[in-house]
Amino acid sequence: MMTTLQPLKKNAAKVIFAPMLKAIECTCELIIPFLVRSIIDDGLTTGGSHEGDGGYVLGLCGIVFGLSVLGFLCTMITQYMASKVATEFSFDLKRNLYSHIGKLSPSQLDRYGKSKALNLVNTASFSLQTGVQMFMRLLIRAPFLVIGSIIAAFVVNVYAGLVILGALALCAGVIGTIVRFTPREYTALMNELDAISVLGDDLIVGSRVVRAFNKQEESRKEFREESERYRKQALRLSRINAFINPLTFGFVNLAIVLVLYLGSFQYQSTGISVGSIVALISFLTQSLNALIQFTRLITSFSKAFADRKRCDAFFAIEPDIVDGPLAEEPVIQDGETLYELKNVSVSFGGESTALDKVNVRIPKGSSIGVIGGTGSGKSTLVSLFSRFMDPVEGEVRFRGHNIKDSKVGAVRKEIALVSQKPQLFKGTIRENLTLGEAYSEQEIEKALKDALAYDFVYAKEAGLESKVEEGGSNFSGGQKQRLLIARALLSNREVLILDDATSALDYKSDLLVRQQIKKRTGMTTILVSQRATSIKDCDYIYVLDAGKIVGEGKHEQLLENCLIYREIFQAQVKQQ
Amino acid sequence: MKSFKKLWPYLSPDKWLIVVAFIFAVASVFFKMAIPFLTGRAIDQIRTGDLDIAKYLFLMGGCLVFGVVFRYLFDLMTATVAQRAVKRMRDNLFDALNEVPISYIDAHYHGDLLVRLVGDIENVQNGLITGAGALFEGIVQVLVTLAFMFSLSWILALTVVVLTPISVFVSKAISSRNSRYFKKQSANLGQLSNQALETLNNIEAIHSYGLMEKQEQRFEELNQEYRASSFKAMFAASWINPATRLVNNTIYGAVIILGASLLLFPDAFSFTGIPFTVGMLSSFLTYSYQYMTPFNEIADAMTEVLYALTALNRVDEVIHETKDVDEGSTPVGEVVERLEAKDIHFSYDGKRPIIDGFSLDIYKGHKIALVGTTGCGKTTIINLLMRFYDSQKGGFYANDISTKEIQKKELRSHVGMVLQDTWLRHGSIRDNIAYGKPDATMDEIVLAAKKAHADDFIRRLENGYDTVVSSSSGLSTGEKQLICVARIMLLQPEIILLDEATSNIDLRTELQLADAFDELMKGKTSLVVAHRLSTIRNADHIIVLDKGKIIEQGNFRQLMERGGFFAELYNAQLA
């Protein structure tokens, strides 16, 4: 299984090496207080080894400056590597996420939530990218400076070392405790924010209905309660975070007081010199600043950590539709069974099932009609043919074997599916029709003509090169459906499935399109519709109602035997 | 300053808290800065050989305790003020969205409005309020530190003051160069995100036609572009910290050199007045560091402040949008006996007329149908009747009172509507059906769902009536329409508006629904916009609209016999 951090492995060396350079910078910073000590004790103190020696003082200052520059250079190399590795990592992570999206079935994506999946690519990968960079350039700084300061303090004096160890341990303890509590509170806060977003979305999208039902006052009240909950939660988080600054400040300064105290009675006996006191204070302030910087990282880190969990959970979803072992599909002749559904049931977990023990046989080269009302299970049935889902019970057989034995791609490449959703890509009409395959102009024109799309396409100035906006938003419902049908016809596949794909066409156009399709012999067609007239000429018709097949046969037979079919048909005839 | 004016209304109710926060800030910084001062004094005393520094230690301990307490109170107080302001801002924005004219909402992308309520206000909080907090505290810290430094040695203080801007200048220079990279980075991320969105929206088509590989290639290209720009942005930004640290270290070095010179050559510097000591140098080393921190923090916060300013303007724009005032006050009476449209003229943009002299009498209990081709103004009539929009001339009259003089709330309480754009609030199906009648019993809800032929499919869902749905939930459009119909069946409103309410429902269900609708509309006034003409055969009166004008009217038989536009439309649908 893929994990979120897997792409980091190839850069493992850099991930380790970069912080080591950072350690050099920290070392430089730790040496500086010792130099300051020498300046004070040796150069500026009566009886010092270089008392009054301006050159000595200046030389040491030069070293201070040199160390600063060296530290700067090391840091910049770290920064470069961290940025490189982080962007590289985010690149790979995005690619993995995107390809996992492609591996999951549409129903799995629906269940997971498409907007959630999109957020992983957009936001989560970015916060992880920042997390990795922060990890490489900053994470080591705080612990290294803190531990380094403690060691340095011990070098100066054992007691002072103990004091500083105690103070910094307490600081680390405070920060550690707070870090443990914040992520949970932060998640709770984000949940409240989500709730705010839902209320806002409802108000904006439903503005007409909210007003029509005079619900403004109510929605206002509801929102105020929610924004209050958000505020309280935010305050909870702040109350916890507000401990960091004062407590760490308190501990560090307590240590300074103790160091001074040590200095005062050890001055002669153990020799904590004035320079040492200044150096010790430097160690403490440096460590404190590093720790505080560290706490600022925590928000980024806890975000990255939460996002890592989310990505891991996403990667952990095993694709439910996977390739079978069959290397080659058997060839079958016209009239032999292409599809067979044996006692197939599909359930989404409700009281009743979406499809209930359905038996369907589709011979190669035939035209099959499926009819039923809203929510009768037609679209679920269609999903089985393209293997967008598998049944919970029963078996879908394809070319004589269980469809699960086939390669998924091998099944799908036989099918030209026109679904209810107007799935058009941003680009040109030509790109949307050919989908990157090579077709001759004649083929394209024929497909457009058969789908009754020729006229409106060529009425446009740019013809085939006309722009298509996202989701085809610059075309009417009927035009979109015609383009989708043209695309399906152009692909020239063995099986054509029209899932309510002519609902936005008027009856006459619907009829003309069907007549053109009928001319294409040898193709298996599955027509799914709510209109009886659309499917009445099919070789065989299945009538679905509430997930069950309540009738099957030819049009005339069904008129006679199937009450529901008769009702559907009469509903249409009554119009006439 | 202008932005501050925009922010102030949200802060002003807490102005006393802000004053208190200021006092806390001054107290906390004073005690914090007093400690290095006392340390310096103590060091000097130790150097004289007098080791009894208990006085200083006690003073420092006191400063420490007060420093801790005031710092906590300050942090808590700023957070309190900030979050109260954010809540006010959110509530105001939500109210504004509740009160802006529908035309405003129609004219904006919904996502864009939502971002203002959620993300933009977050940005204001992060940037402006936290940034302002940093500024606030920073100014206090700089002033207090300056006071301490000048009290020690003016010449060293002056050196620090003169040198510090270098650090600010360096980080400023770096970040101004960065903004270009950041723009490129977010543009690339936008493209990448669009590609992912398109894939998700078209996933069935992509799998059906085996396009995933091509999509991945395209994604790979965009991803590479993003990687390049993101690296530049990231690396460029990472200069700020080390560069300012380098400058700070340089200043630190300068303080040592100058301090040491003061100590080594006191005669040359006698003009500075007070003799310099090692203790003072120690205090100065701490101060020079503390003095610079706020500058760097403020510089750091600048990017966020910039984001926040843009966000604040976007929020403010909605809040100050003209409100949809509910000025009417004439009571309409208990029952609307008569509804009349008098010579209505309306245009959305003020140029192209949408409704052009529309007049109509609707009597109580009548079913009126509006018919016409797309864009003929049918839906606009509903918008005007509900007063989502107001006509430029003429208007609707209820019981002979202009609807513009009736309180919108009262007018709407007489009406129930189902629109073509189905909207479900985020909540259970049960709550959605009971939207207009929250006190309905479960039996009533189920009965309404049964009338709307929705009961069947609802029971098939995992949690039945408790299934949580929303406008973008997994239900099909037809199913959502049925739930909206159930809403009306439960509400039993006095006047019923149906705007293509069954356009996504199959014929057979629609036909079955027709009986339920007939029962619902019995004795009630109804206005029906229909897509399928067969559903309005039994209307009492059919209005045929074309380009905002009534071109034909009468009952079904009359219109068919006339053989005009309506008959043509009707026959075209059956062809």
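Computed from a predicted model, the values in this text were never measured in an experiment.

Caption draft 1: How the structure looks around the pairing of strand E9 (residues 495-499) of chain A. Residue and element names in this part refer to chain A. Of all the 5 residues making up E9, 5 are buried; the element is thus mostly covered by neighbouring parts of the structure. With 4 bridges connecting them, strand E6 (residues 415-418) and E9 associate as parallel partners. Paired with Val418 across the bridge in E9 is Leu498. Sheet topology note: the E9/strand E10 (residues 524-529) ladder contains 5 bridges and is parallel.

Caption draft 2: Summary view of the domain arrangement of chain B. Partitioning chain B into structural domains gives domain 1 (1-152), domain 2 (154-275) and domain 3 (338-574). Summarising the inter-unit geometry, the C-alpha centres of domain 1 of chain B and domain 3 of chain B are found 55 Å apart.

Caption draft 3: Summary view of a nonpolar patch on the surface. All names here are of chain A. A cluster of nonpolar residues, Phe154, Val158, Tyr159, Leu162 and Leu165, forms a patch on the protein surface that exposes about 450 Å² of accessible area. Among the elements that line the nonpolar patch, the one with the most residues is helix H6 (residues 158-205), at 4 residues. Looking at the element boundaries, Leu162 is found in helix H6. Taking the relative accessible area as the measure of exposure, Leu162 reaches 47% and is therefore partly exposed.

Caption draft 4: How the structure looks around the interface of chain A and chain B. On the chain B side, the residues contacting the 150 residues of chain A number 145 residues. Of the roughly 13,600 Å² buried between chain A and chain B on both sides combined, carbon and sulfur atoms contribute 65%. Of all residues in chain A, Tyr98, Arg208 and Arg211 of chain A give up the largest surface area on contact with chain B, accounting jointly for 7% of the area buried on that side. Scanning the region where chain A abuts chain B turns up 11 salt bridges. One salt bridge connects Arg220 of chain A with Glu99 of chain B, and the closest N-O pair in it is separated by 3.5 Å. Run the count over chain A and chain B and you get 43 residue pairs in polar contact (both at pLDDT 80 or more). In terms of residue class, the side of chain A that touches chain B is built from 68 nonpolar, 48 polar and 34 charged.

Parameters at a glance
- Residues numbered from 1 in each chain as written.
- Chains lettered and ligands numbered in written order.
- Predicted model: local features only at pLDDT ≥ 70, side-chain atom pairs only at ≥ 80, totals over all residues.
- Heavy atoms only, no water.
- Buried < 20%, exposed > 50% of the residue type's maximum accessible area, 1.4 Å probe, protein only.
- Helix = DSSP H or I, 4+ residues; strand = E, 2+ residues; numbered from the N terminus.
- Pairing = 2+ DSSP bridges.
- Domains from an automatic or database assignment.
- Patch = residues over 30% accessible without salt bridge, like charges linked within 9 Å, V, L, I, M, F, W, Y side chains within 5 Å.
- Areas by Shrake-Rupley, 256 points an atom, 1.4 Å probe, with all protein chains shown as cover.
- Salt bridge = Lys/Arg side-chain N within 4 Å of Asp/Glu carboxyl O.
- Contact = heavy atoms within 4.5 Å.
- Buried area = accessible area lost by both parts, 1.4 Å probe.
- Polar contact = N/O pair within 3.5 Å; in protein donor to acceptor, adjacent residues only side chain to side chain.
- Nonpolar A, V, L, I, M, F, W, Y, C, P; charged D, E, K, R; others polar.

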